[in-house]
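# Close look at the chain arrangement
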Amino acid sequence: MSSLPRTRVTVLHGVNLDQLGRRDPAIYGSLTLEQLEQRIGGFAAELGLRVQFFQSNHEGAFVEQLHRADEMADGILLNPGAWTHYSWAIRDALEIAALPAVEVHLSDVEAREEWRRTSVIRELCVATVSGKGPDGYREALVRLKEELTS
Ligand code: DQA
């Protein structure tokens, strides 16, 4: 029996990521979220993946999007912003989603303040890509594709 290829990826941006372009460009680069999403869309097209995007500054909305993720996607690429470091609610929702997930950060969270070194979602993700700017999203999609096609 043949199964459909798993190519649908939901890209979830968390708190304050709608402010890209305005946040410190030395840390986050100068792309706006819209420009970043265009970039990610280009990477996905090259890789034969279909992406759709979501951003929220509301933790409950982000949690509910994770609850719905399995209806619309085969894998998750997520950058929860500061929630990464402390939101056990998002961690639990990611576990409920039960899809392969990759964690991405534009900045190098390991090289910044101590509190950014904690990630409550890392143990649920097949990979973490950090500090590579927009290109990190390409690497994350490649990693997710490997997982979806294995
Ligand atoms: C971030 C890193 C987080 O520590 C920070 O709170 C963000 C963005 C990143 O992409 O580098 O909002 O996730």
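What comes next is a walk through the structure. Model, not experiment: these values are computed from the prediction.

### Thoughts on the layout of surface pockets
Quantified by volume, the largest pocket comes out at close to 160 Å³. Forming the walls of the largest pocket are 14 residues, and the residues nearest its centre are R23, Y28, G81, R112 and R116. Taken together, the residues of the lining of the largest pocket sort by class into six nonpolar, five polar and three charged.

### Some remarks on the environment of A69
Residue position: A69 is located in helix α3 (residues 59-72). Its relative accessible area of 1% is what places A69 among the buried residues. Each C-alpha atom, one on A69 and one on T7, is 14 Å from the other, the two residues being 62 residues apart in sequence.

### Considerations on the packing of helix α2 (residues 33-47) against helix α5 (residues 135-149)
Relative orientation of the contacting elements α2 and α5 amounts to 35°, with a least axis distance of 9 Å. Considering how the two elements wind past one another, α2 and α5 form a crossing that is right-handed. In this structure, α2 uses L36, R39, I40, F43, A44, E46 and L47 to contact α5, whose residues at the interface are D135, Y137, R138, L141, V142 and K145. Per-class residue counts for the contact of α2 with α5 are eight nonpolar, no polar and five charged.

### Some thoughts on α2
Given a rise of 1.5 Å per residue, 15 residues ought to cover 21 Å, and the 21 Å separating the end C-alpha atoms of α2 matches this to within 8%. Residues of α2 that are buried make contact with β1 (8-13), β2 (50-55) and α5.

### A short note on the packing of aromatic side chains
Considering all chains together, one arrives at two aromatic pairs under this definition. The structure contains a cluster of three or more aromatic residues connected by ring pairs, namely F54, F62 and W83. Against the face of Y28 rests R23, its NZ or CZ located 4.2 Å from the ring centre.

### A few points about the site of the ligand
Near the ligand, the surroundings consist of R23, Y28, N79, G81, A82, H85, H105, L106, S107, V109 and R116. Contacts to the ligand include H105, whose side-chain N or O atom sits 2.8 Å from an oxygen atom. S107 places a polar side-chain atom, nitrogen or oxygen, 2.6 Å from an oxygen atom of the ligand. Contact with the protein chains hides 99% of the accessible area of the ligand, taken as 320 Å² for the molecule alone. Mapping the ligand onto the cavity grids shows that it belongs to the largest pocket.

### Quick look at the sheet that holds strand β5 (residues 127-130)
Strand order across the open sheet formed by five strands is β2-β1-β3-β4-β5, with parallel pairing between neighbours. Edge positions in the open sheet fall to β2 and β5, since each of these has one partner strand only. For this sheet, the mean inter-axis angle between neighbouring strands, taken without regard to orientation, is 20°. Sitting on the sheet, α2 touches β1 and β2, and the angle it makes with β2 is about 160°.

What counts as what
Residues numbered from 1 in each chain as written. Predicted model: local features only at pLDDT ≥ 70, side-chain atom pairs only at ≥ 80, totals over all residues. Heavy atoms only, no water. 1 Å grid on protein atoms, 1.4 Å probe; cavity = no way out; pocket = protein on both sides within 12 Å on 5 of 7 lines; lining within 4 Å. Points joined across faces, edges and corners; volume = space filled by probe spheres on them. Nonpolar A, V, L, I, M, F, W, Y, C, P; charged D, E, K, R; others polar. Helix = DSSP H or I, 4+ residues; strand = E, 2+ residues; numbered from the N terminus. Buried < 20%, exposed > 50% of the residue type's maximum accessible area, 1.4 Å probe, protein only. Axes fitted to C-alpha atoms, helices over the stretch in contact; angles between N-to-C directions. Left-handed = near helix turned anticlockwise from the far one by under 90°. Contact = heavy atoms within 4.5 Å. Expected span 1.5 Å × (residues − 1). Phe/Tyr/Trp six-rings, centres within 6.5 Å; stacked < 30°, edge-to-face > 60°. Lys NZ or Arg CZ within 6 Å of the ring centre and 35° of its normal. Near = heavy atom within 4 Å. Polar contact = N/O pair within 3.5 Å; in protein donor to acceptor, adjacent residues only side chain to side chain. Areas by Shrake-Rupley, 256 points an atom, 1.4 Å probe, with all protein chains shown as cover. Sits in = over half its atoms within 2 Å of the grid points. Pairing = 2+ DSSP bridges.

So, to be careful, I would describe these as geometric facts and stop short of saying anything about function.
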